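The lines below spell out each chain.
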Amino acid sequence: MRAPLKPLDDALAELLAQALPLAGHDIADSFDADGRVLLDDAVSPLQVPPQDNSAMDGYAVRSAECLDGDAVLPVSQRIPAGSTGQPLAEGTVARIFTGAPVPAGADAVVMQEDCEVLDDGRVRVKARPEAGQWIRRSGEDIRRGATVIAAGTRLSPAELGLAASIGLASLRVARRPRVALFSTGDELVMPGTVAPEHMPPGSIYNSNRFFLRALLQRMGCEVTDLGIVPDRREATEDALRQAALAHDLILTSGGVSVGEEDHVKPAVQALGQLDLWQISVKPGKPFAYGRVARPGEGFAHFIGLPGNPVSSFVTFLLLVRPFVLRLQGVQQVLPRYVEVRADFHWPRGDKRREFLRVRYNGQGGLELFRNQSSGVLTSAAWGDGVVDNPPGQAIAPGDKVRFIAFSELLS
Ligand code: AMP
Ligand code: MG
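Residues numbered from 1 in each chain as written. Chains lettered and ligands numbered in written order. Predicted model: local features only at pLDDT ≥ 70, side-chain atom pairs only at ≥ 80, totals over all residues. Heavy atoms only, no water.

Per the secondary structure count, the protein chain includes 8 helices and 28 strands. Here the C-alpha radius of gyration of the protein chain, 30 Å, is well above what a compact globule of 411 residues would show, namely 22 Å. Considered along the principal axes of its C-alpha atoms, the protein chain spans approximately 95 × 55 × 45 Å. A burial count over the protein chain gives 48% of its 411 residues as buried. In the protein chain, the share of contacts with a sequence separation of at least 24, taken over all contacts with a separation of at least 6, comes to 69%. Summed over all atoms, the accessible surface of the protein chain reaches about 19,600 Å², with 51% contributed by carbon and sulfur. (Helix = DSSP H or I, 4+ residues; strand = E, 2+ residues; numbered from the N terminus. Rg over C-alpha atoms; globule rule 2.2 N^0.38 Å. Buried < 20%, exposed > 50% of the residue type's maximum accessible area, 1.4 Å probe, protein only. Contact = heavy atoms within 4.5 Å. Areas by Shrake-Rupley, 256 points an atom, 1.4 Å probe, with all protein chains shown as cover.)

When we look at a pair of aromatic rings, we describe it by the centre distance and by the angle of the planes. Enumeration according to the criterion identifies 5 aromatic pairs in this entry. Centroid distance Phe313 to Phe406: 5.8 Å. Interplanar angle 85°. Geometry classified as edge-to-face. One end of the pair, Phe313, is in helix α6 (residues 309-327); the other, Phe406, is in helix α8 (residues 406-409), with 93 residues separating them in the sequence. According to the relative accessible area criterion, Phe313 is buried, its value standing at 10%. Ring-pair connections join several aromatic residues into one group, and the members of that group are Phe211, Phe313 and Phe406. (Phe/Tyr/Trp six-rings, centres within 6.5 Å; stacked < 30°, edge-to-face > 60°.)

For the rest of this paragraph, the subject is helix α4 (residues 233-245). For α4, spanning 13 residues, the distance from its first C-alpha to its last is 19 Å, which sits close to the expected 18 Å at 1.5 Å a residue. Taken residue by residue, α4 has Ala235, Thr236, Glu237, Ala239, Leu240, Ala243 and Ala244 as its buried positions. Buried positions along α4 lie against β15 (178-184), β18 (222-229), β19 (249-253), α5 (264-271), β22 (288-293) and β23 (299-305). (Expected span 1.5 Å × (residues − 1).)

On inspection of all chains with the given rule, the structure shows 21 salt bridges. Two residues, Arg36 and Asp26, come together in a salt bridge whose shortest N-O distance is 2.7 Å. Placement of Arg36 in the loop between β2 (25-29) and β3 (42-43) and of Asp26 in strand β2 is noted, with a sequence separation of 10 residues between them. Connected via shared salt-bridge partners are Asp9, Arg353, Asp388 and Arg402. (Salt bridge = Lys/Arg side-chain N within 4 Å of Asp/Glu carboxyl O.)

Time to look at the nonpolar core. The biggest cluster of nonpolar side chains holds 46 residues, and the ones touching the most others in it are Leu251, Phe287, Ile303, Phe316 and Phe323. Mapped onto this core, the elements with two or more residues apiece are α1 (8-18), β15, α3 (208-218), β19, β21 (279-282), β23, α6 and α8. It is α6 that provides the largest number of residues to this core, a total of 12 residues. Counting contributing residues per domain, this core is built from domain 1 (8-23 + 176-327) and domain 4 (338-409), each supplying no fewer than three. Counting 19 residues, the second-largest nonpolar core is a separate cluster that includes Ala180, Phe182, Ala267 and Leu274. (Core = buried A, V, L, I, M, F, W, Y, C linked by side-chain atoms within 4.5 Å. Domains from an automatic or database assignment.)

Following the sequence through the fold, Thr153 ends up in the loop between β13 (147-149) and α2 (157-165). There is a polar contact of 2.6 Å between the side chain of Thr153 and the backbone oxygen of Ala150. Those residues in contact with Thr153, other than ones at most four positions away along the chain, are Arg36, Val37, Leu38 and Glu159. (Polar contact = N/O pair within 3.5 Å; in protein donor to acceptor, adjacent residues only side chain to side chain.)

It is worth spelling out the sheet that holds strand β8 (residues 93-96) at this point. Ordered in space as β7-β8-β5-β9, the 4 strands form an open sheet in which the pairing is mixed. The strands lining the two open edges of the sheet, one partner per strand, are β7 (75-79) and β9 (108-111). Recorded for the sheet is a direction-independent mean angle of 30° between the axes of neighbouring strands. For β7 and β8, the ladder comprises 4 bridges, and the chain directions are parallel. Its bridge partner lying in β8, Arg78 is registered against Arg95. (Pairing = 2+ DSSP bridges. Axes fitted to C-alpha atoms, helices over the stretch in contact; angles between N-to-C directions.)

As far as domains go, the protein chain holds domain 1 (8-23 + 176-327), domain 2 (25-48 + 140-174), domain 3 (53-136) and domain 4 (338-409). Averaged C-alpha coordinates put domain 1 and domain 4 at centres separated by 26 Å. Facing the 20 residues of domain 1 at the interface are 16 residues of domain 4. When the buried surface of domain 1 facing domain 4 is broken down by residue, Lys282, Val310 and Leu317 rank first, second and third, together holding 36% of it. Run the count over domain 1 and domain 4 and you get 2 salt bridges. The salt bridge partner of Asp9 is Arg353, with a shortest N-O separation of 3.2 Å. Elements with a contribution of two residues or more to the side of domain 1 that touches domain 4: α1, β21 and α6. Ranked by the residues each element gives to the side of domain 1 that touches domain 4, the list is headed by α6, at 8 residues. Of the residues contributing to the side of domain 1 that touches domain 4, the split by class is 12 nonpolar, 4 polar and 4 charged. (Buried area = accessible area lost by both parts, 1.4 Å probe. Nonpolar A, V, L, I, M, F, W, Y, C, P; charged D, E, K, R; others polar.)

Before going further, it helps to spend a moment on the side chain of Gln47. If you trace the backbone, Gln47 turns up in the loop between β3 and β4 (53-54). A relative accessible area of 15% places Gln47 in the buried class. Reaching out from Gln47, the side chain makes a polar contact with the backbone nitrogen of Arg144 at a distance of 2.9 Å. In this structure Gln47 touches Ser138, Gly139, Ile142, Arg143 and Arg144, once residues within four positions along its chain are discounted.

Written out as structure tokens, the structure reads:
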């Protein structure tokens, strides 16, 4: 009897247990750190903003002197951004600009639209300012000593700005995982090498290589592309042996199924070990994880993805993405999902947990791509994401389903 397929969550847990953080680190210029993973908590040495400052162009006042909504007061000083003023003399206002420090004694800013400059230079304050209005308080964004970005965070543009706002020009980040990528399949032809009208019968263009490389790069990896490996045991072993030398992970597509032309699994077993094979997920059943030993010591992680393009794409997002993020020390590696209304029928759920390609229909619901075959890559380009459908679950219009957006999975 065949062993039952491993549930996806168990496979993911086993995979993450193997994904120990890579040794080493880089010091990245903050300008170049988008997408990198921060290794230390970023702790603020200062208050942001550093002092109380004006949120408007206008006049800094003592609110108690403007209670009647018609006060006329002389302007005792001018405080542009980048300078500091003097304490505000009683019975006067200060001309002030956005971002300039509020002078001692002033407790409110009145925007210039609510003021009128008289011919003699004095200012009529035509409003009744509340104490504190239009003042941005020191530390209201960040307090001294606060952790503004936690270790293990994947940096995004806002965080680069945040790091800069506490004075960090460079950051200690995880080393990029070095990944060797190759495709197997004697039918594969690289686009650009043979024109469509000259494609030999039985051949297809290698599409997996293009999206896998881009996906790896988006996840922060440095990719070595080892091209197409022929469907022969020896060639497969040679490629694996070679790839193990200088890489943290070897990622392959195709050849990991059960046919005689599938050489990846026995080759990995010969050169190391295979820990995981075949997962109860659709698309994507023929997924493999193991290690390839390096001569001397150590090993490279090995992940074998299915050859069918959609299976390859989906299993990358579900399993490889969390794995390579965890190698970089990312803690939060699981995609978030939302409950969304299905506006489609899926009369019979599969035995395996299924990831259906869907997209928003503009009425707050999801529509299903017409062809869910694992070979139809159009579904992945057309879709906004996938519905994570439990085994055996039928879907009727109006049902709430678990939706994971590609925006969540591709970033
Ligand atoms: P395999 O897993 O090697 O049995 O391949 C399963 C299916 O995926 C076959 O139809 C292959 O032709 C196709 N396939 C495998 N590798 C690729 C690739 N790199 N690009 C496009 N299709 C592929
Ligand atoms: Mg094949």
